[in-house]
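Chains, contacts and geometry: an overview
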Amino acid sequence: QVQLVESGGGLVQAGGSLRLSCSVAGGTFSSYAMGWFRQAPGKEREFVSAITWNGSGTRYQDSVNGRFTISRDNAKDTVDLQMNSLKPEDTAVYYCVASRSMVGITTGGYGINYWGKGTLVTVSS
């Protein structure tokens with residue numbers, strides 16, 4: 001059973017930065033595309049970012065493009081999301097996800113095989 005555990009959430013002022021990390025256990029990490037989703041209060045869960053199994057390709061939601069950077073370390077079985085220039089509208093629970101294909105993450109998340117439990121990011125104005 002693959003387990004995803006997020007860390008790094010917290011409270012930050014607008015304009016600040018946070019780095020989320022996701023540790024993966026129980027599977028062959030390098031066989032999965034990885035990504036992040038988020039869910040703000042009262043809103044549907046939405047795609048944030050994804051990265052291919054070897055890190056050669058990345059995708060971002062338009063609203064975070066240029067501010068967030070996704071990366072992975074296949075030697076450590078971790079995927080990170082560096083979030084800069086944070087805005088109050090970035091406030092959400094952020095979920096780490098794993099899928100056997102990049103498309104499974106970027107097209108509505110219907111092909112996601114595993115989800116983490118989430119970490120809360122709160123951006124104050």
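Residues numbered from 1 in each chain as written. Predicted model: local features only at pLDDT ≥ 70, side-chain atom pairs only at ≥ 80, totals over all residues. Heavy atoms only, no water.

Summing up its helical and strand segments, the protein chain has one helix and eleven strands in all. Secondary structure of the protein chain in N-to-C order comes out as β-β-β-β-β-β-β-β-β-α-β-β. Its C-alpha atoms give the protein chain a radius of gyration of 13 Å, near enough to 14 Å, the size a compact globule of 125 residues would have. When contacts within the protein chain are restricted to residue pairs at least 6 apart in sequence, long-range pairs at least 24 apart make up 59% of them. (Helix = DSSP H or I, 4+ residues; strand = E, 2+ residues; numbered from the N terminus. Rg over C-alpha atoms; globule rule 2.2 N^0.38 Å. Contact = heavy atoms within 4.5 Å.)

This next bit is on the state of the cysteines. Inspection of every chain in the model, using the stated rule, returns one disulfide. Covalently, Cys22 is tied to Cys96 through a disulfide, its sulfur atoms 2.1 Å apart. Torsion about the S-S bond of the Cys22 and Cys96 cystine: about -85°, corresponding to left-handed handedness. Within this pair, whereas Cys22 is found in strand β3 (residues 18–25), its partner Cys96 is found in strand β9 (residues 92–99), the two being separated by 74 residues in sequence. For the residue pair Cys22 and Cys96, the accessibility class agrees, reading buried in each case. (Disulfide = S-S within 2.5 Å. Buried < 20%, exposed > 50% of the residue type's maximum accessible area, 1.4 Å probe, protein only.)

Turning our attention to the pairing of strand β7 (residues 68–73). Because side chains alternate across β7, one face comprises the buried residues Phe68, Ile70 and Arg72, and the other comprises Thr69, Ser71 and Asp73, none of which is buried. As judged from the six bridges shared by β7 and strand β8 (residues 78–83), these two strands associate in the antiparallel manner. Within β8, the residue paired with Thr69 across the bridge is Gln82. Counting the residues in the hairpin turn of β7 and β8 gives four residues, including Asp77, whose phi is positive at 60°. (Pairing = 2+ DSSP bridges.)

Ranked by internal contacts, the top residues of the largest apolar core, which has 28 residues, are Met34, Trp36, Phe68, Val79, Leu81, Met83 and Tyr94. For this core, the secondary structure elements donating two or more residues are β3, β4 (33–39), β5 (46–51), β7, β8, β9 and β11 (119–124). Core analysis: the next-biggest nonpolar cluster, separate from the first, contains eight residues, Ala33, Phe47, Val97 and Met102 among them. (Core = buried A, V, L, I, M, F, W, Y, C linked by side-chain atoms within 4.5 Å.)

The quantities given are spatial measurements derived from coordinates; they are silent on function.
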